[in-house]
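Single-letter residue listing:
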Amino acid sequence: MAEIIEKIITTDEIKTDEYLVNIGPQHPSTHGVLRLLTKLEGEIVHNVEPHIGYIHSGIEKMTEALSYPQIVHLTDRMDYLSAHMNNEAVCLCVEDALQVEVPERVKYIRTIFDELQRLASHQLWWCASGMDLGALTAFFYGLRDREDILDIFEETCGARLTLNYSVPGGVMFDIHPNFQKSVKAFIKKFKKKLPEYDKLLTDNIIFQNRTKGVGILSKEDAIAYGVTGPTGRASGFSCDVRKHHPYSAYPYIKFDEKLGTDGDSFMRWKLRMLEMWESLNIIEQLIDNIPEGDYAVKMKGVIKLPEGEFYQRVETARGEFGVYIVSDGKKNPYRVKFRSPGFSNLFTINHIAKGWKIADLVAIMATFDLVIPDIDR
Amino acid sequence: MSRSIGNKATSAQSENIQAMTNEQLIEQLTSANPDAVVKQGNQYPEITVAHDKLHAFMQNIKSNSSLAFDYLVCESGVDYPTYIQVVYHLESTTHKHFLVVKTNTENRETPVLDTVSDIWPTAEFHEDEIFDLLGITFTNHPHLRRLFLDETWGFPLRKDFHDDIHVVER
């Protein structure tokens with residue numbers, strides 16, 4: 001610690017009235033082991049330096065010793081709230097490299113799972129950020145209703161969090177006979193819940209005062225810092241991969257890419273709330289039309305990618321997730337790089353939190369929806 | 001884009017904005033950079049730029065209004081036997097075209113590259129990561145630091161990195 005402070009003092013001049021405070025690595029509002037070294041004057045934030053790596057697990061290095069189906073299993077340990085999207089990204093990349101066309105049924109199932117996963121992730125986000133801002137009731141509402149989605153996952157694939165449902169060539173097993181019925185029951189129930197959440201927090205004047213106009217990120221900065229997902233879209237950066245580079249069943253459906261203008265914490269909040277309605281809309285378009293057919297194509301026992309480089313982008317609940325595979329023709333990849341949305345999103349925090357109070361920093365972090373394993377990989 | 005299969009066939013071509021085709025993009029880049037290697041990769045156009053021309057080239061493709069690559073999607077380092085390669089995945093938010101830029105360091109012993117963090121601020125942290133895991137020093141970088149690991153580590157993503165405890169080799 002002494003060395004870190006010394007380094008800051010020597011590299012970055014510290015004034016008499018300023019002092020350094022560590023927020024984290026063990027702090028509820030960092031949602032994991034993230035340390036923000038903040039330079040404060042009173043309670044005004046002058047500088048924020050994120051220090052990460054507390055749960056760096058070297059997934060990129062590990063992949064170099066694993067086969068492609070095994071890599072899929074590691075990806076849901078990164079952004080565990082977007083587990084299915086991460087799995088799907090690797091599967092799509094492998095399928096694209098091998099030029100395998102998956103059955104239509106798989107595309108539909110994957111897309112429905114994507115959106116259910118997004119709903120589950122946004123659920124946990126809204127309730128946890130409510131808690132960050134002092135509204136504890138929200139946390140219980142969110143976790144209670146998220147269970148319904150996890151139950152649907154469990155029914156079909158046995159897992160609740162790290163799904164591993166997608167495999168190269170399709171999905172691991174067919175959907176449960178009750179799947180469509182349970183999803184439709186969930187949608188009906190959830191449509192009544194969403195206005196309730198708005199009543200609880202979005203329309204709450206205390207909540208609005210804490211978030212409106214706080215931590216503004218301009219569109220230019222969002223692009224320059226590579227801020228994607230709902231956080232980038234709240235600033236007006238049209239970056240929805242589902243819209244611009246559609247994959248799986250997204251080309252077949254009609255949905256809106258919600259864009260904000262203000263780029264403040266309240267807009268980031270509002271946008272994710274609107275996205276939940278959009279996810280319901282997407283699921284409704286697909287759920288009755290899942291085509292009959294196989295749930296996977298037969299892949300070779302040992303999957304070897306042709307020599308070359310492959311890049312696949314998907315939209316997770318947090319933004320653009322990218323898989324970059326360099327293959328030398330063997331069963332293990334030569335190098336795998338994961339472009340995680342949280343990594344790029346986190347590092348704007350110094351840029352937008354400067355000049356705000358320390359309580360506003362918590363509001364900014366809450367609406368950024370950070371998942372630390374996604375950043376540390 | 002001759003590959004018709006997969007999910008990417010329906011990509012940004014349906015956008016209203018008049019996008020340059022990959023062929024036009026390759027043609028423009030070849031004529032502007034005669035000594036660079038431009039080719040159509042598996043999915044996107046790829047250009048390999050010499051390490052001493054990297055910064056000027058990047059500056060140009062960002063400020064040139066017909067290219068306007070303003071969004072640095074991903075920056076990754078790849079270790080090869082005689083050099084380390086840095087790969088930049090770039091997208092233009094106005095024209096919606098995509099480009100992969102590659103550059104190789106002169107050697108593996110003292111790998112040095114110019115930073116692009118003054119062009120795309122997000123690169124600052126991607127470069128921190130590459131410095132941490134592959135050991136490339138980026139000149140003019142505002143605050144180069146080890147992002148994940150502490151000073152006792154070597155550079156794990158290099159192929160000659162050995163660690164009996166933490167790394168399984170196959």
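This is a predicted model, so every value here is computed, not measured.

S.K.: Sorry, what's going on with the overall build of chain A here?
M.R.: The number of helices and strands found in chain A is 16 helices and 10 strands. Relative to a compact globule of 377 residues, whose C-alpha radius of gyration would be 21 Å, chain A shows 21 Å and is just as compact. Dimensions of chain A, computed from C-alpha atoms along their principal axes, come out at roughly 70 × 50 × 35 Å. Counting every position in chain A, which comprises 377 residues, the buried fraction comes to 50%. In chain A, 70% of the contacts between residues at least 6 apart in sequence involve partners at least 24 apart.

S.K.: What is the right way to read the overall build of chain B from this model?
M.R.: Looking only at helices and strands, chain B features three helices and seven strands. Counting helices and strands in the order they occur from the N terminus, chain B gives α-β-β-α-β-β-β-β-α-β. The 170 residues of chain B split such that 38% are buried.

S.K.: Can you help me understand the sheet that holds strand E5 (residues 98-104) of chain B in this one?
M.R.: Strand pairing in a sheet relies on backbone hydrogen bonds. The paired strands run either parallel or antiparallel. All names here are of chain B. With respect to topology, five strands assemble into an open sheet ordered E1-E2-E5-E4-E3, the strand pairing being mixed. Either end of the sheet is taken by a strand with one partner, and the two such strands are strand E1 (37-40) and strand E3 (71-79). Sheet twist, expressed as the average angle between the axes of neighbouring strands with direction ignored, equals 20°. Where strand E2 (residues 45-49) meets E5, four bridges bridge the pair, whose relative direction is parallel. Bridge pairing in E5 places valine 49 opposite threonine 103. Taken strand by strand, helix H1 (residues 22-32) contacts E1, E2 and E5, and its axis lies near 175° from that of E1. Packed on one face of the sheet, helix H3 (residues 123-134) meets E3 and strand E4 (84-91) and runs near 10° to E3.

S.K.: Looking at this model, I keep getting lost on the interface of chain A and chain B. Mind explaining?
M.R.: Frequently, the measure chosen for interface size is the accessible area removed from exposure when the parts meet. On the side of chain B, 33 residues touch chain A, which itself brings 38 residues to the contact. Where the side of chain A that touches chain B is concerned, the elements lending two or more residues are helix H2 (59-63), helix H4 (83-98), helix H9 (219-224), strand E8 (308-315), strand E9 (320-327), strand E10 (335-339) and helix H13 (341-346) of chain A.

S.K.: Before we go on, may I ask you to explain the packing of helix H3 (residues 68-75) of chain A against H4(A) in this structure?
M.R.: How two helices pack is summed up by the angle between their axes together with the distance between the axes. Residue and element names in this part refer to chain A. Contact geometry of H3 with H4 gives a least axis separation of 8 Å together with a crossing angle of 155°. For the element pair H3 / H4, the angle class is roughly antiparallel. Where H3 crosses over H4, the two elements pack in a sense that is right-handed. Each of Tyr68, Ile71, Val72 and Thr75 in H3 lies in contact with H4, whose residues at this interface are Asn86, Asn87, Ala89, Val90, Cys91 and Val94. Along the lines of polarity and charge, the residues of the contact of H3 with H4 split into seven nonpolar, three polar and no charged.

S.K.: Before we go on, may I ask you to explain H3(B) in this structure?
M.R.: The α-helix advances 3.6 residues per turn, and as a result positions three or four apart in sequence lie on the same side. Over its 12 residues, H3(B) runs 15 Å from end to end, which matches the ideal 16 Å to within 8%, given 1.5 Å per residue. Among the 12 residues in H3(B), 11 count as buried, and that is most of the element. Turning to H3(B), its buried residues are Ala123(B), Phe125(B), His126(B), Glu127(B), Asp128(B), Glu129(B), Ile130(B), Phe131(B), Asp132(B), Leu133(B) and Leu134(B). Buried positions along H3(B) lie against H13 of chain A together with E3, E4 and strand E7 (137-139) of chain B.

S.K.: Would you take a moment to explain the domain arrangement of chain A for this structure?
M.R.: Residues and elements named next belong to chain A. Split by domain assignment, chain A resolves into domain 1 (2-51) and domain 2 (59-376). On a C-alpha basis, the centres of domain 1 and domain 2 stand 30 Å from each other. Across the contact, 15 residues belong to domain 1 and 19 residues belong to domain 2. Looking at the side of domain 1 that touches domain 2, the elements that each hand over two or more residues are strand E3 (32-33) and strand E5 (44-51). Top contributing element to the side of domain 1 that touches domain 2 by residue count: E5, with seven residues.

S.K.: When you look at the nonpolar core in this model, what are you seeing that I'm missing?
M.R.: Generally speaking, soluble globular proteins have nonpolar side chains that are buried together. All names here are of chain A. With 129 residues, the main nonpolar core has Cys93 and Ile364 as its most contacted residues. Among the elements that make up this core, the one with the highest residue count is helix H5 (residues 104-132) (11 residues). Those residues in contact with cysteine 93, other than ones at most four positions away along the chain, are Phe310, Gln312, Val323 and Ile325. Judged by nonpolar contacts, the second largest core, of five residues, contains Phe266, Met267, Trp269 and Leu271.

S.K.: Honestly, unusual backbone geometry in this entry has me stumped. Any pointers?
M.R.: Trans is the prevailing form of peptide bonds, just as negative phi is the prevailing case for residues other than glycine. Even without a glycine there, the phi angle at Asn164(A) is positive, about 55°. Tracing the sequence through the fold places Asn164(A) in the loop between helix H6 (136-157) and strand E6 (166-167). With a phi close to 50°, Ala68(B) is a non-glycine residue in the positive phi region. Overall, the presence of 16 C-beta atoms within 10 Å leaves Ala68(B) in the partly exposed class.

S.K.: Just checking my understanding: could you explain the packing of H5(A) against helix H12 (residues 265-287) of chain A for this structure?
M.R.: All names here are of chain A. The contact between H5 and H12 brings their axes to 9 Å, and the two run at 155°. Classified by the interaxial angle, the pair formed by H5 and H12 is roughly antiparallel. Note that H5 runs across H12; the crossing there is left-handed. Side by side, H5 and H12 meet where Tyr108, Thr111, Ile112, Glu115, Leu116, Arg118, Leu119, His122, Trp125 and Trp126 of the first sit next to Arg272, Met273, Glu275, Met276, Ser279, Ile282, Ile283, Leu286 and Ile287 of the second. Here the contact of H5 with H12 is built from residues that sort into 12 nonpolar, three polar and four charged.

Reading guide: rules and limits
- Residues numbered from 1 in each chain as written.
- Chains lettered and ligands numbered in written order.
- Predicted model: local features only at pLDDT ≥ 70, side-chain atom pairs only at ≥ 80, totals over all residues.
- Helix = DSSP H or I, 4+ residues; strand = E, 2+ residues; numbered from the N terminus.
- Rg over C-alpha atoms; globule rule 2.2 N^0.38 Å.
- Buried ≥ 20, exposed ≤ 12 C-beta atoms within 10 Å, placed from the backbone.
- Contact = placed C-beta atoms within 7 Å.
- Pairing = 2+ DSSP bridges.
- Axes fitted to C-alpha atoms, helices over the stretch in contact; angles between N-to-C directions.
- Parallel < 35°, antiparallel > 145°, perpendicular 65-115°, else oblique.
- Left-handed = near helix turned anticlockwise from the far one by under 90°.
- Nonpolar A, V, L, I, M, F, W, Y, C, P; charged D, E, K, R; others polar.
- Expected span 1.5 Å × (residues − 1).
- Domains from an automatic or database assignment.
- Core = buried A, V, L, I, M, F, W, Y, C linked by C-beta atoms within 7 Å.

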